[in-house]
Amino acid sequence: MSKILISYYSRKGQNYVNGDIKNLAKGNTEIVAEFIQKAVGGDLFEIDTVKDYPIDYTECTEVAKVEIQQKARPELKNYLASIDEYDKIFLGYPIWWSVPPMAVSTFLEKYDFSGKKIIPFATHEGSGLGGSISYLKKICPKAEILNGIAIHGADSKNSESEVSFWAKKFI
């Protein structure tokens, strides 16, 4: 049996939800990550930056846009010692300007994903997976990027059955 890692970046606090800014106690991507773990097991790892993003949602989006333009690699608070023991990596992120937050790139560039199966899951407010799949293929050319799922962020709390059904396909 293969060992599973569920690694994700998620934004708590101010988020765009169905056209309004709302304060979320738990980020949408974290909710989906927990549903995946409940469905298939595996180890959870939260990708988190040393420097916090602005609390204000609009300011955060502007910082994110600059990071993407500059191809920034924000420093992370923690790293795994290794990913060698994992065969399948569920990788979760919100869609920011059509791609994952740059912190996800920091995480991906830290390890050798050769021969690994990366299973993307994203939360969004209308953009689906955006351009994230082609982006992941560029960052991890030696990994196999499998079919991802996009969960509308506002629906994340009610997505457990959909997420569970999807995640179990990879086990």
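Cut-offs used in this document
- Residues numbered from 1 in each chain as written.
- Predicted model: local features only at pLDDT ≥ 70, side-chain atom pairs only at ≥ 80, totals over all residues.
- Heavy atoms only, no water.
- Salt bridge = Lys/Arg side-chain N within 4 Å of Asp/Glu carboxyl O.
- Helix = DSSP H or I, 4+ residues; strand = E, 2+ residues; numbered from the N terminus.
- Buried < 20%, exposed > 50% of the residue type's maximum accessible area, 1.4 Å probe, protein only.
- Phe/Tyr/Trp six-rings, centres within 6.5 Å; stacked < 30°, edge-to-face > 60°.
- Lys NZ or Arg CZ within 6 Å of the ring centre and 35° of its normal.
- Arc of directions from axis to C-beta.
- Contact = heavy atoms within 4.5 Å.
- Core = buried A, V, L, I, M, F, W, Y, C linked by side-chain atoms within 4.5 Å.
- Axes fitted to C-alpha atoms, helices over the stretch in contact; angles between N-to-C directions.
- Parallel < 35°, antiparallel > 145°, perpendicular 65-115°, else oblique.
- Left-handed = near helix turned anticlockwise from the far one by under 90°.
- Nonpolar A, V, L, I, M, F, W, Y, C, P; charged D, E, K, R; others polar.
- Polar contact = N/O pair within 3.5 Å; in protein donor to acceptor, adjacent residues only side chain to side chain.

Trainee: Tell me about the pattern of salt bridges, and please be specific about residues and values.
Mentor: Counted under the stated rule, the structure contains 9 salt bridges. Residue K3 pairs with E85 through a salt bridge whose shortest N-O separation is 3.5 Å. With K3 in the segment before β1 (4–8) and E85 in the loop between α2 (57–70) and β5 (88–94), this residue pair connects regions lying 82 residues apart in the sequence. A relative accessible area of 47% places E85 in the partly exposed class. Put simply, R73 and E109 hold a salt bridge, and the shortest N to O gap is 2.8 Å. In this pair, R73 sits in the loop between α2 and β5 while E109 sits in helix α3 (residues 102–110), placing the two residues 36 residues apart along the sequence. With a relative accessible area of 31%, R73 lands in the partly exposed category.

Trainee: Describe in detail unusual backbone geometry, supporting the description with residues and values.
Mentor: Keep in mind that most residues, glycine aside, have a negative phi and that most peptide bonds are trans. The backbone phi angle of N18 is positive, close to 50°, even though this residue is not glycine. If you check the backbone angles, K71 has positive phi at about 55° while not being a glycine. Mapped onto the secondary structure, K71 falls in the loop between α2 and β5.

Trainee: A description of the packing of aromatic side chains should follow, citing residues and the corresponding values.
Mentor: What the rule picks out here adds up to 11 aromatic pairs. Between Y111 and F113, the aromatic rings sit 6.4 Å apart at their centres with planes inclined by 85°, giving edge-to-face as the arrangement. Accessibility expressed as a relative area gives 12% for Y111, which makes it buried. An aromatic cluster of three or more residues is present, and its members are F45, F107, Y111 and F113. Of note, K110 hangs over the ring of Y79, and the distance from its end group to the ring centre comes to 4.9 Å.

Trainee: Any chance you could break down helix α5 (residues 160–168) for me, citing the residues and the numbers?
Mentor: Among the residues of α5, V163, S164, W166 and A167 are the ones counted as buried. An end-on view of α5 places all buried positions within 165° of arc, on one side of the element. Facing away from the buried side of α5 by over 90 degrees, the exposed positions are S161 and F165. Looking at the buried side of α5, the elements it contacts are α1 (28–40), β5, β6 (117–124) and β8 (149–152).

Trainee: Any chance you could break down the nonpolar core for me, citing the residues and the numbers?
Mentor: L5, I47, L91, F107, L108, F113 and I118 are the most contacted members of the largest nonpolar core, which totals 33 residues. The dominant element in this core, judged by the number of residues it contributes, is α3, at 5 residues. Of all hydrophobic cores here, the second largest spans 19 residues; its members include I4, Y8, F35 and I151.

Trainee: How would you sum up the packing of α1 against α5? Please name residues and give values.
Mentor: Two elements in contact, α1 and α5, have axes separated by 9 Å at closest approach and are oriented at 55°. The angle between α1 and α5 places the two elements in the oblique class. In this structure, the crossing between α1 and α5 has a hand that is right-handed. Seen from α1, the contacting residues are V32, F35, I36, K38, A39 and V40; seen from α5, they are E160, V163, S164, W166, A167 and K168. In terms of residue class, the contact of α1 with α5 is made up of 8 nonpolar, 1 polar and 3 charged.

Trainee: Can you break down the environment of S105 residue by residue, with the values?
Mentor: Structurally, S105 can be placed in helix α3. Put simply, S105 and I119 are 14 residues apart on the chain and 15 Å apart in space, counted from C-alpha to C-alpha. Not counting chain neighbours up to four residues away, the residues in contact with S105 comprise R73, Y135 and I139. Looking at S105, its side chain comes within polar contact range of the side chain of Y135, at 2.6 Å.

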